[in-house]
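Chain by chain, the residues run as shown.
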Amino acid sequence: MKLRLDRWLALLGTGSRSEVKTWIRGGEVAVNGRIIRDPALSFDAASDVLSLRGKETDGRVIRHVMMFKPAGVLTAARDPKQPTVMDLLPPVYRSIGCMPVGRLDKDTTGILIFTCDGEMNHRLLSPGRHVEKRYRALTEGKLTEKDAEAFAAGLELGDFTARSAKLTILKAGEDTSLAETVITEGKFHQVKRMFAAVGHEVLELHRCSFGPLELDPELREGDWRELSEAETSALRKAAGMEEEA
Ligand code: URA
């Protein structure tokens, strides 16, 4: 994670880009114990040691983002042909190593979390952690309580058996139905495959929540924002990285 010294300091929230340039030129900033006066020099924010006015600072740039993923973009770091979720974030997030936590299909909308913390990313996806994800699905055909029972019993999907999942039917029409399901795994096309297993094609899929975080109703499709401290702490707890209060 190589960054220009002025960008690194500004990302840490120590001051504006022009303030930090003044500090650097004034000899107030050291890297690995050596005063650096050139704001444009690049350093590794993950391993180099940053000091401001003689005091060592925690120089790790860790950011967490919530996005309302729109339909039509891939959840991938990059793609030669198609737009990806990373293209919706300013380039600095790529340079500090922010990555999506798991994936949503190209046509799926809803909450997508990004983090620069590789350990947290890994833990949130670990099958053993049982992090809940709530999806709203518009399906073809009429959903019934029998389908809810099948979801609760754990569906056989060929290569694996899905864990017991809650299915709440919101509207059961003759042609289409609306329902929410909460799953604790994240296998490829899992929700679509679960509905297909009970004979209903998913026409639209939207993720409403990821672990403790609900999609911010203020966000429009394609919008994003950084997580608050409380949200970050809740996510860290879900990842087993912080004690419950
Ligand atoms: N399950 C799916 O089938 N698709 C998604 O995008 C997410 C979960």
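This text follows the structure it describes.
Let me sum up the structure you'll find in this document. Since the structure is predicted, the reported quantities are computational estimates derived from the model, not experimental observations.

## Topic: the site of the ligand
And then number 1: Near the ligand the following residues occur: Leu104, Asp105, Thr108, Tyr135, His189, Gln190, Val191, Lys192 and Leu205.
And then number 2: Gln190 is positioned with one of its backbone polar atoms (N or O) 3.4 Å from an oxygen atom of the ligand.
And then number 3: Take Val191: an N or O atom from its main chain is 3.1 Å from a nitrogen atom of the ligand.
And then number 4: A total of 240 Å² of accessible area belongs to the ligand in isolation, and the protein chains cover 96% of it.
And then number 5: With 3 residues, helix H6 (residues 190-197) is the largest single contributor of residues to the shell around the ligand.
And then number 6: When grouped by side-chain class, the residues that make up the shell around the ligand number 4 nonpolar, 3 polar and 2 charged.
And then number 7: Mapped onto the domain boundaries, the shell around the ligand takes at least three residues apiece from domain 2 (64-127 + 212-244) and domain 3 (132-210).

## With respect to the pairing of strand S13 (residues 202-210)
And then number 1: The pairing of strand S9 (residues 109-115) with S13 spans 2 bridges and is parallel. What sits directly across from Gly110, in S13, is Arg207.
And then number 2: Where strand S10 (residues 133-140) lies against S13, 7 bridges are found, and the strand directions are antiparallel. When the sheet's bridge partners are listed, Tyr135 is paired in S13 with Arg207.
And then number 3: In this sheet, strand S14 (residues 213-214) lies alongside S13 in antiparallel orientation, the contact comprising 2 bridges. Looking at the pairing, Ser209 lines up with Glu214 of S14.
And then number 4: Between the antiparallel neighbours S13 and S14 lie 2 residues, among them Gly211 with a positive phi of about 55 degrees.

## Some words on the environment of His130
And then number 1: Tracing the sequence through the fold places His130 in the loop between helix H4 (118-125) and S10.
And then number 2: Along the chain, His130 and Arg163 lie 33 residues apart, while their C-alpha atoms are 9.8 Å from each other.
And then number 3: Leaving out residues up to four positions away in the same chain, His130 has contacts with Arg163 and Thr184.
And then number 4: A distance of 3.4 Å separates a polar atom in the side chain of His130 from a polar atom in the side chain of Arg163.

The rules behind these values
- Residues take numbers from 1 onward in each chain, read along the sequence in its written order.
- A pLDDT threshold of at least 70 governs which residues receive local features in this predicted model, and a stricter bar of 80 or more applies before side-chain atom pairs are shown or counted, although totals over entire chains, interfaces and linings include all residues.
- To get the side-chain values, all heavy atoms of the structure are used, and hydrogens and water are removed first.
- Put simply, a residue is near a molecule or strand once any heavy atom of it comes within 4 Å of that molecule or strand.
- Polar contact is defined as a pair of N or O atoms within 3.5 Å, subject to the rule that within protein one atom must be able to donate a hydrogen and the other to accept it, and that residues adjacent in sequence are counted only when both atoms are side-chain atoms.
- Residue exposure ignores everything except the shown protein chains as possible cover, and the areas themselves are Shrake-Rupley values with a 1.4 Å probe.
- Secondary structure elements follow DSSP: runs of H or I no shorter than four residues count as helices, runs of E no shorter than two count as strands, and numbering proceeds from the N terminus.
- Any residue that is not Ala, Val, Leu, Ile, Met, Phe, Trp, Tyr, Cys, Pro, Asp, Glu, Lys or Arg is counted as polar, Gly included; the first ten are nonpolar and the last four charged.
- All domain edges in this entry derive from an automatic or database-based domain assignment.
- Here, any two strands with at least 2 DSSP bridges between them count as paired.
- The contact criterion used throughout is that any non-hydrogen atoms of two residues lie within 4.5 Å.

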